[in-house]
Amino acid sequence: MFAFCSRILEAGDLATKLAPPTAEDFEETDPPPDAPPLRPARDPDIAMRGGVEALPKPGALNDPSARALCLARFAHHELMAVEMFAWAILRWPDLPIEIRRGFLGTLRDEQKHCRLYLDRLAAHGESLTDHVLSDYFWKHASAMSESPAGAASFLASMGLTFEQGNLDFSPVYRDAFRASGDEASARACEQVHREEIEHVRFAAIALRTLGELDGLGGLDDVALYERSIPFPLSAARAKGRRFDARAREQAGLSPVFIEYVRSARSPQELRAHPDAGPRSEDRS
Ligand SMILES: [Fe+2]
Ligand SMILES: [Fe+2]
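Each chain carries its own residue numbering, running from 1 in the written order of its sequence. To read the labels, note that chains go from A and ligands from 1, taken in the order they are written. Owing to the predicted nature of the model, reporting of local features is limited to residues with pLDDT of at least 70; listing and counting of side-chain atom pairs is limited to 80 or more, with chain, interface and lining totals taken over all residues. Based on all heavy atoms of the structure, the side-chain values leave hydrogens and waters out of the count.

Chemist: Looking at this structure, I do not really get the coordination of the iron ion (ligand 1). What am I missing?
Modeler: Each donor-metal-donor angle would ideally measure 109.5 degrees in four-coordinate tetrahedral geometry, or 90 or 180 degrees in six-coordinate octahedral geometry. Each protein donor to the iron ion (ligand 1) is listed here as Glu78 (OE), Glu110 (OE), His113 (ND1) and Glu196 (OE); together their distances run 2.0 to 2.3 Å. Listed donors are limited to N, O and S atoms within 2.8 Å of the metal, widened to 3.2 Å for Na, K and Ca; water is not among them, so incomplete-looking sites are possible. Donor residues for the iron ion (ligand 1) sit on one chain with the sequence pattern E-x31-E-x2-H-x82-E. Between the iron ion (ligand 1) and the iron ion (ligand 2), a spacing of 3.4 Å is present, and a bridge between the two is formed by glutamate 110. Residue glutamate 78 is found in helix 3 (residues 64-91), and its partner histidine 113 is found in helix 4 (residues 97-123); the two are separated by 35 residues along the sequence. Judged on exposure class, the residue glutamate 78 and its partner histidine 113 are both buried. Counting from the N terminus, the helices are DSSP H or I runs at least four residues long and the strands are E runs at least two residues long. Buried residues are those whose accessible area, probed at 1.4 Å on protein chains only, stays under 20% of the maximum for their type, while exposed residues exceed 50% and partly exposed ones sit between those limits.

Structure follows, in structure tokens:
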């Protein structure tokens, strides 16, 4: 298990990062690793950098170049997720084996999602190397690594913020691809959406399990999330504008936690509108 994860972080090329784990990789036959680096190796043609241009709006997808930009961005989110699940297994090697196997199973799904989007990108005549790649997930790794909440900070960040947010984004872009006539890309978004529901479910269950192991079994999902999520991430980042409450129910999130995320406000929003309640347009 550990050697497989180290390979994903240490190899700079896409083919190694997207090679799926074998049945043996799910077993713990290799010695625990040293602490992993806070950035993965990347060959120059897929190197990450800070900022990137804004994602095209859903209404812009009639333009094939806007579709390609979205597909490249989505593929790279999946690639970062692959690397971050490998990193989490190496960073917290003493987690219960069931949780690490869950991470590895999720990693395998993220590899599949990355390939789905890369195939659609290739159908537009482009590849990941044609695009600027942001380090959006990786720039939060050091905060997770240093968090006193330990692996719970990774579950709250990756599963209950980034992946939960994707429950809203993936159907919006599915519908936009469909409206543009790109049914194959719409189906890719739909498959990712379905499987991300399971990833969010796993994160919520694993966060509760870690809470019980830490003697925090009396805390509800909101309290567990709040004590685990590292600054500057927050529930305001765990959603898009079209809030999909049903997907969250399917993921087994509690009604109280769903409402907490739905009504969450970013610090910027609170500064701009200190008296504002939940946004009515968020209602699904
Ligand atoms: Fe994914
Ligand atoms: Fe995922």
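Chemist: For this particular structure, what's the right way to read the packing of aromatic side chains?
Modeler: The relative placement of two aromatic rings is captured by the distance of their centres and the angle of their planes. Ring pairs shown here join Phe, Tyr and Trp side chains whose ring centres sit within 6.5 Å, with only the six-membered ring taken for Trp; geometry is labelled stacked below 30 degrees between planes, edge-to-face above 60, and tilted in between. Tallying each qualifying case throughout the model produces 15 aromatic pairs. When the ring of phenylalanine 103 is compared with that of phenylalanine 202, the centres are 6.0 Å apart and the planes differ by 75°; the resulting orientation is edge-to-face. A residue pair is termed long-range when its members are at least 10 positions apart, and phenylalanine 103 in helix 4 and phenylalanine 202 in helix 7 (residues 183-213) qualify at 99 residues. Relative accessible area serves as the criterion here: at 1%, phenylalanine 103 is assigned to the buried category. The class of phenylalanine 202 is partly exposed, set by a relative accessible area of 22%. Here phenylalanine 137 and phenylalanine 162 contribute two aromatic rings whose centre-to-centre distance is 4.4 Å and whose plane-to-plane angle is 10°, an arrangement assigned as stacked. Of this pair, phenylalanine 137 sits in the loop between strand 2 (133-134) and helix 5 (141-146) while phenylalanine 162 sits in helix 6 (residues 151-179), and the two are 25 residues apart along the sequence. On the basis of relative accessible area, phenylalanine 162 is assigned to the buried category, the value being 8%. Placement of a charge over a ring requires the Lys NZ or Arg CZ to be within 6 Å of the ring centre, with the centre-to-atom vector within 35 degrees of the ring normal. The ring of phenylalanine 243 has arginine 248 lying over it, and the distance from NZ or CZ to the ring centre is 3.9 Å.

Chemist: Looking at this model, I keep getting lost on helix 10 (residues 255-262). Mind explaining?
Modeler: The α-helix winds at 3.6 residues per turn, so residues separated by three or four positions along the chain end up facing the same way. The set of residues buried in helix 10 consists of Phe257, Ile258, Val261 and Arg262. End-on, the buried residues of helix 10 take up no more than an arc of 135°, which puts them together on one face. Set apart from the buried face of helix 10 by more than 90 degrees, the exposed residues are Pro255 and Val256. This arc is taken over the directions from the axis of the helix to the C-beta atoms.

Chemist: Explanation requested: the nonpolar core in the structure shown.
Modeler: The tendency in soluble globular proteins is for nonpolar side chains to be buried side by side. In terms of nonpolar packing, the biggest core is built from 63 residues, with Met84, Trp87, Phe103, Phe154 and Leu160 touching the most fellow members. If you tally residues by element for this core, the top one is helix 3, at 10 residues. Leave out the neighbours within four places in its chain, and tryptophan 87 touches Leu9, Pro36, Pro37, Leu38, Trp92, Trp138, Ala141, Met144, Ser145 and Phe154. Throughout this description, the term nonpolar core refers to a set of buried Ala, Val, Leu, Ile, Met, Phe, Trp, Tyr and Cys residues connected via side-chain atoms within 4.5 Å. In this structure, Ala66, Leu71, Leu118 and Cys189 belong to the second largest nonpolar core, which totals 25 residues. Note on definitions: a residue-residue contact is assigned when non-hydrogen atoms from the two residues lie within 4.5 Å.

Chemist: I would appreciate a short explanation of the pattern of salt bridges in the present structure.
Modeler: Close approach of charged atoms allows side chains of opposite charge to pair. Every case where a carboxyl oxygen of Asp or Glu lies within 4 Å of a side-chain nitrogen of Lys or Arg is listed as a salt bridge. Tallied over the full model, the rule gives 19 salt bridges. Two residues, glutamate 28 and arginine 100, come together in a salt bridge whose shortest N-O distance is 2.9 Å. With glutamate 28 in the loop between helix 2 (14-17) and strand 1 (48-49) and arginine 100 in helix 4, the pair connects residues that are 72 residues apart, well separated along the chain. On the basis of relative accessible area, glutamate 28 is assigned to the partly exposed category, the value being 43%. What makes arginine 100 buried here is its relative accessible area of 3%. With a closest N to O distance of 2.9 Å, arginine 120 and aspartate 182 form a salt bridge. Here the residue arginine 120 occupies a position in helix 4, and aspartate 182 occupies one in the loop between helix 6 and helix 7, the gap between them amounting to 62 residues. Of the two residues examined, arginine 120 and aspartate 182, each falls in the buried class. Three or more residues joined by partner-sharing salt bridges are found here, namely Arg174, Asp175, Glu190, Arg194 and Arg242.

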